[in-house]
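So the chains spell out like this:
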Amino acid sequence: MYNAPAVTYPVGRSHFQTGLTLAVVLAGAVAQAAWWQQSAGLGFGHGLGLSLWLLAGIWAVWGGLRTPLAQLVWDGQDWRWHVGALSLLVTPQVILDAQHSLLLCLRLPTGAALWVWPAQRAQSERWLALRRALFNPASHRAQPDASGLAALPEA
(Lines give C-alpha, C1' and ligand atoms only; values in the text may rest on other atoms or scores of the structure.)
Protein backbone atom coordinates (compact mmCIF):
# COMPACT_ATOMS: atom_id res chain seq x y z
CA MET A 1 0.00 0.00 0.00
CA TYR A 2 1.23 3.51 -0.85
CA ASN A 3 2.46 5.57 2.11
CA ALA A 4 2.32 9.38 2.09
CA PRO A 5 5.69 11.16 2.13
CA ALA A 6 7.00 12.68 5.34
CA VAL A 7 5.83 16.21 6.09
CA THR A 8 6.25 18.79 8.84
CA TYR A 9 3.56 21.46 9.10
CA PRO A 10 3.21 24.43 11.45
CA VAL A 11 0.05 24.61 13.56
CA GLY A 12 -1.06 27.42 15.81
CA ARG A 13 -3.51 30.28 15.71
CA SER A 14 -5.67 30.19 12.61
CA HIS A 15 -7.52 33.06 10.96
CA PHE A 16 -10.34 30.63 10.21
CA GLN A 17 -10.56 29.65 13.90
CA THR A 18 -10.51 33.32 14.94
CA GLY A 19 -13.25 34.21 12.46
CA LEU A 20 -15.40 31.27 13.49
CA THR A 21 -14.98 32.11 17.19
CA LEU A 22 -15.92 35.75 16.59
CA ALA A 23 -18.95 34.72 14.53
CA VAL A 24 -20.23 32.45 17.32
CA VAL A 25 -19.62 35.11 20.00
CA LEU A 26 -21.40 37.75 17.89
CA ALA A 27 -24.31 35.36 17.21
CA GLY A 28 -24.63 34.96 20.98
CA ALA A 29 -24.70 38.75 21.38
CA VAL A 30 -27.43 39.05 18.75
CA ALA A 31 -29.47 36.32 20.47
CA GLN A 32 -29.06 38.10 23.84
CA ALA A 33 -30.13 41.43 22.34
CA ALA A 34 -33.17 39.90 20.63
CA TRP A 35 -34.20 38.16 23.86
CA TRP A 36 -33.88 41.36 25.86
CA GLN A 37 -35.86 43.32 23.26
CA GLN A 38 -38.68 40.74 23.19
CA SER A 39 -38.96 40.57 26.99
CA ALA A 40 -41.44 42.72 28.89
CA GLY A 41 -38.95 43.27 31.69
CA LEU A 42 -35.44 42.31 32.64
CA GLY A 43 -35.03 39.67 35.31
CA PHE A 44 -32.60 37.25 36.88
CA GLY A 45 -32.55 35.07 33.75
CA HIS A 46 -31.36 37.97 31.61
CA GLY A 47 -28.47 38.67 33.95
CA LEU A 48 -27.60 34.99 34.08
CA GLY A 49 -27.74 34.73 30.28
CA LEU A 50 -25.50 37.77 29.89
CA SER A 51 -23.04 36.41 32.45
CA LEU A 52 -22.87 33.02 30.71
CA TRP A 53 -22.41 34.68 27.32
CA LEU A 54 -19.59 36.84 28.68
CA LEU A 55 -17.89 33.88 30.35
CA ALA A 56 -18.15 31.74 27.21
CA GLY A 57 -16.84 34.58 25.04
CA ILE A 58 -13.90 35.27 27.36
CA TRP A 59 -13.11 31.54 27.55
CA ALA A 60 -13.18 31.21 23.74
CA VAL A 61 -10.92 34.23 23.20
CA TRP A 62 -8.56 33.15 26.00
CA GLY A 63 -8.32 29.65 24.54
CA GLY A 64 -7.58 31.03 21.08
CA LEU A 65 -4.86 33.32 22.40
CA ARG A 66 -3.25 30.44 24.30
CA THR A 67 -3.00 28.22 21.22
CA PRO A 68 0.66 27.16 21.13
CA LEU A 69 2.79 27.45 18.02
CA ALA A 70 3.78 23.87 17.22
CA GLN A 71 4.68 21.47 14.41
CA LEU A 72 2.61 18.51 13.26
CA VAL A 73 5.01 15.90 11.89
CA TRP A 74 4.35 12.79 9.80
CA ASP A 75 7.61 10.85 9.46
CA GLY A 76 6.16 8.13 7.22
CA GLN A 77 5.25 5.87 10.15
CA ASP A 78 4.05 7.99 13.09
CA TRP A 79 2.38 11.31 13.71
CA ARG A 80 3.97 13.60 16.28
CA TRP A 81 3.07 16.98 17.73
CA HIS A 82 6.14 19.07 18.57
CA VAL A 83 5.89 22.15 20.76
CA GLY A 84 9.16 23.47 22.12
CA ALA A 85 11.19 20.54 23.49
CA LEU A 86 8.04 18.42 23.92
CA SER A 87 7.26 15.74 21.32
CA LEU A 88 4.06 13.72 21.65
CA LEU A 89 2.89 10.72 19.65
CA VAL A 90 -0.60 11.52 18.32
CA THR A 91 -3.30 10.05 16.14
CA PRO A 92 -4.94 12.80 14.04
CA GLN A 93 -8.60 12.77 13.11
CA VAL A 94 -9.99 15.28 10.61
CA ILE A 95 -13.12 16.83 12.12
CA LEU A 96 -13.70 19.69 9.66
CA ASP A 97 -12.23 20.12 6.19
CA ALA A 98 -12.70 23.64 4.83
CA GLN A 99 -10.16 23.01 2.00
CA HIS A 100 -7.97 25.97 3.10
CA SER A 101 -8.18 25.09 6.78
CA LEU A 102 -8.66 21.91 8.82
CA LEU A 103 -9.89 21.21 12.32
CA LEU A 104 -7.96 18.24 13.70
CA CYS A 105 -8.41 16.27 16.88
CA LEU A 106 -5.02 14.88 17.90
CA ARG A 107 -5.49 11.89 20.20
CA LEU A 108 -2.68 11.18 22.64
CA PRO A 109 -1.91 7.61 23.78
CA THR A 110 -3.43 8.54 27.17
CA GLY A 111 -6.78 9.27 25.50
CA ALA A 112 -6.50 13.05 25.93
CA ALA A 113 -7.13 15.23 22.89
CA LEU A 114 -5.50 18.31 21.41
CA TRP A 115 -7.47 20.44 18.95
CA VAL A 116 -5.55 22.24 16.22
CA TRP A 117 -6.42 24.28 13.13
CA PRO A 118 -3.75 23.92 10.43
CA ALA A 119 -4.25 26.53 7.71
CA GLN A 120 -2.99 26.59 4.13
CA ARG A 121 -1.58 30.09 4.52
CA ALA A 122 0.85 28.88 7.22
CA GLN A 123 2.94 27.02 4.64
CA SER A 124 1.13 26.71 1.33
CA GLU A 125 3.94 24.78 -0.37
CA ARG A 126 3.44 21.87 2.08
CA TRP A 127 -0.36 22.06 2.34
CA LEU A 128 -1.08 19.31 -0.21
CA ALA A 129 1.54 17.02 1.36
CA LEU A 130 -0.15 17.47 4.75
CA ARG A 131 -3.55 16.71 3.28
CA ARG A 132 -2.22 13.61 1.49
CA ALA A 133 -0.74 12.32 4.73
CA LEU A 134 -3.89 13.07 6.76
CA PHE A 135 -6.24 11.41 4.27
CA ASN A 136 -3.97 8.42 3.57
CA PRO A 137 -5.46 5.33 5.29
CA ALA A 138 -1.96 3.95 5.97
CA SER A 139 -1.21 6.93 8.21
CA HIS A 140 -4.03 5.99 10.60
CA ARG A 141 -2.91 2.59 11.73
CA ALA A 142 -3.46 1.64 15.37
CA GLN A 143 -1.20 3.51 17.79
CA PRO A 144 0.02 1.95 21.03
CA ASP A 145 -1.99 3.12 24.04
CA ALA A 146 -0.59 4.01 27.46
CA SER A 147 -0.31 0.32 28.42
CA GLY A 148 1.77 -0.47 25.32
CA LEU A 149 -1.03 -2.47 23.64
CA ALA A 150 -2.26 -1.41 20.23
CA ALA A 151 -5.50 0.57 20.36
CA LEU A 152 -8.24 -0.35 17.92
CA PRO A 153 -8.91 2.28 15.26
CA GLU A 154 -12.16 4.20 15.72
CA ALA A 155 -15.02 3.27 13.44
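Everything discussed here concerns the structure shown above.
Conventions used here
Residues numbered from 1 in each chain as written. Predicted model: local features only at pLDDT ≥ 70, side-chain atom pairs only at ≥ 80, totals over all residues. Heavy atoms only, no water. Pairing = 2+ DSSP bridges. Helix = DSSP H or I, 4+ residues; strand = E, 2+ residues; numbered from the N terminus. Axes fitted to C-alpha atoms, helices over the stretch in contact; angles between N-to-C directions. Contact = heavy atoms within 4.5 Å. Buried < 20%, exposed > 50% of the residue type's maximum accessible area, 1.4 Å probe, protein only. Core = buried A, V, L, I, M, F, W, Y, C linked by side-chain atoms within 4.5 Å.

A. Main features of the sheet that holds strand E5 (residues 102-107). The strand order across the open sheet built from six strands is E1-E2-E3-E4-E5-E6, with neighbouring strands paired in antiparallel fashion. In this open sheet, the two strands that pair with only one neighbour each are strand E1 (7-11) and strand E6 (113-116). Recorded for the sheet is a direction-independent mean angle of 35° between the axes of neighbouring strands. Note that E1 and strand E2 (residues 70-74) share five bridges and pair antiparallel. Residue pairing in the sheet places Val-11 in a bridge with Ala-70 of E2.

B. Spotlight on the side chain of Arg-131. Structurally, Arg-131 is set in helix H3 (residues 124-135). Excluding anything up to four places from it in sequence, Arg-131 contacts Asp-97, Gln-99 and Leu-102.

C. Examining the pairing of E5 more closely. Extensive coverage of E5 is indicated by the burial of five of its six residues. Here strand E4 (residues 86-97) runs beside E5; their pairing, made up of six bridges, is antiparallel. In the strand pairing of E5, Pro-92 is matched with Leu-106. Hairpin connection between E4 and E5: a loop of four residues separates the two successive antiparallel strands, and Gln-99 in this loop has a positive phi of roughly 65°.

D. Quick peek at the environment of Ala-29. Note on placement: Ala-29 falls in helix H1 (residues 15-38). In this structure, the C-alpha to C-alpha distance between Ala-29 and Trp-53, residues 24 residues apart in sequence, is 7.6 Å.

E. Fine view of the nonpolar core. Counting residues in each nonpolar core, the largest one holds 20 residues, and the members touching the most others are Leu-72, Trp-79, Trp-81, Val-90, Leu-104, Leu-106 and Leu-130. At the level of secondary structure, the elements contributing two or more residues to this core comprise E1, E2, strand E3 (79-83), E5 and H3. In terms of residue count, H3 provides more of this core than any other element does, five residues in total. Not counting the four nearest positions on each side in its chain, Leu-72 is found in contact with Val-7, Thr-8, Tyr-9, Val-11, Trp-79, Arg-80, Val-90, Leu-104, Leu-106 and Leu-130.

F. Up close: unusual backbone geometry. Although it is not a glycine, Gln-99 sits at a positive phi angle of roughly 65°. In this structure, Gln-99 sits in the loop between E4 and E5.

Nothing here speaks to function; it is all geometry.
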